[in-house]
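Read off the chains here:
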Amino acid sequence: MKNAIAVKLSVGIAHQTALLFICSMLLIACGKSGNSSENSANNPTVTTGANDAIPIGIAFAQTSNIALLGQEGSDGVKIAEKYFNDQGAINGRPIKLVYQDTGGDEVGAINAFQTLINKDKVVAIVGPTLSQQAFSADPIAERNQVPVIGASNTAKGIPEIGDYVARVSSSVAVVAPYSVKAALKQNSQIKRVAVFYAQNDAFNKSETEIFQKTVKDLGLNLVTVQKFQTTDTDFQSQASDAINLKPDLVIISGLAVDGGNLVKQLRELGYKGIIIGGNGFNTSHIFSVCRQLCEGVIIAQAYSPVYPSEINTAFRKAYIEQYRREPPQVSAQAFTALQVYVEALKSLDKKSKINKLTLPQLRTQLNQELLKGKYQTPLGEIAFTPVGDVIQKEFYVAQLKMEANGVNGKFSFLSVK
């Protein structure tokens, strides 16, 4: 009897052991299958079908005190998305823009980039809005080997962040001196210069260095340098201190809201000389801030709505039809950034079908391709240096002209030849 029981127990244990072995093997197999799916998800081809849209990330400010500038960037890429998709986009395949709000600080830009890269799986990114944000967010794109083109980043050192970082917004070192020379052309008696800049913004700190160097190189007397914050609204103290030194020229490096309010308060306190605004003034939103007191402010620009080219004529027409105003510089640069991606993708697709590439492969090959090209854009003909800085031939200087109602205005272009 005991032997019979022992046999039954032995058989039962053998069955259990066999069952446990089978289950273990199934679990291992399932685990391998799951890992295979995960690897496939992390290293997919760009699309599964020849007509699937190619995602491009847009990282602009939609909230915060720089939302007006971010909106101009968004306006430009929206025009570009429709324009290029109507033309067949990437040899018949459309592009699809994926938006993430950068807000107005570095944390917002970092979060936007991480989401676009890791969740949205974009091929490339246009953005962020500010140079200050780019210094924090662009290294994330670099580490992930995702191409990023800055459409409004003009501070020194942006392209040097990494191999995957480029920009279509010309360096402030190139653009800023034009406005000082235009001011001297209007008044050759200018001798004394007061400079204001937003000390909490990387771009404005970079820009003011160029302005101050230009002033000294031209033999002018820099009588004061006044600092403020982009979040400030009251500039009475700085403005009064500068006016007491009797400057012939005031140069402001700030954004539209703070810079416009500074212009307004300078005029209200009695300053009657020429005012130069930096790149942050390159927006039609400036008119609603300083209103009739915007009159006469001089601004150097990398874009003119009347530049005579087929692509600029088409862009300007579409922009005016959509928004009922002339396109500003940031919108034109954002359009150009997307244009560069489209033309580089078209060129790459002719060499090797991009729907056969994994996402990392496409990102890398796109980055290499875009740096090789020459592009006829609303900004004129552009190309890139080996490190990704834009090479641009045409630059302009505009003066703000207000209408009689003191609300609406325009950029009136000056001769700087």
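Residues numbered from 1 in each chain as written. Predicted model: local features only at pLDDT ≥ 70, side-chain atom pairs only at ≥ 80, totals over all residues. Heavy atoms only, no water.

Colleague: Even after reading the chapter, I still don't get the state of the cysteines, so can you show me in this structure?
Modeller: Covalent bonding between the sulfur atoms of two cysteines is what defines a disulfide. Applying the stated rule across the entire model yields one disulfide. The disulfide partner of Cys290 is Cys294, and the gap between their sulfur atoms is 1.9 Å. Between Cys290 and Cys294, the S-S dihedral sits near 100°, and the bridge is therefore right-handed. In terms of burial, Cys290 and Cys294 fall into one category: buried. (Disulfide = S-S within 2.5 Å. Buried < 20%, exposed > 50% of the residue type's maximum accessible area, 1.4 Å probe, protein only.)

Colleague: Hey, could you run me through the nonpolar core in this one?
Modeller: Within soluble globular proteins, side chains that are nonpolar tend to cluster in buried spots. Formed by 46 residues in total, the largest nonpolar core has its most connected members in Ile90, Val340, Tyr341, Leu345, Ile354, Leu366 and Leu370. Looking at this core, the elements that each hand over two or more residues are strand 1 (54–60), helix 2 (67–86), strand 2 (95–101), strand 3 (124–126), helix 10 (310–323), helix 11 (329–351), helix 12 (359–370) and strand 12 (380–384). Top element by residues in this core is helix 11. It accounts for eleven residues. Residues within four places of Val340 in sequence aside, it is in contact with Ile149, Val168, Leu370, Tyr375, Ile382 and Phe384. The next biggest cluster of nonpolar side chains, apart from the first, holds 41 residues, and it includes Leu116, Ala134, Ala183 and Leu249. (Core = buried A, V, L, I, M, F, W, Y, C linked by side-chain atoms within 4.5 Å. Helix = DSSP H or I, 4+ residues; strand = E, 2+ residues; numbered from the N terminus. Contact = heavy atoms within 4.5 Å.)

Colleague: Whenever I open this one, the sheet that holds strand 5 (residues 165–167) confuses me. Can you help?
Modeller: Strand-to-strand pairing in sheets goes through backbone hydrogen bonds, with the strands running parallel or antiparallel. Strand order in the open sheet formed by five strands is 2-1-3-4-5, with parallel pairing between adjacent strands. In this open sheet, the two strands that pair with only one neighbour each are strand 2 and strand 5. If you compare each strand with its neighbour and ignore which way they point, the axes differ by 25° on average. In this structure, strand 1 lies alongside strand 2, joined through seven bridges in parallel fashion. Paired with Ile58 across the two strands is Tyr99, which belongs to strand 2. Helix-sheet contacts for helix 3 (residues 106–119) involve strand 1, strand 2, strand 3 and strand 4 (148–150), and the interaxial angle to strand 2 is about 145°. Running at roughly 160° to strand 1, helix 11 makes contact with strand 1, strand 2, strand 3 and strand 4 of the sheet. (Pairing = 2+ DSSP bridges. Axes fitted to C-alpha atoms, helices over the stretch in contact; angles between N-to-C directions.)

By themselves, these observations are geometric and do not establish any function.
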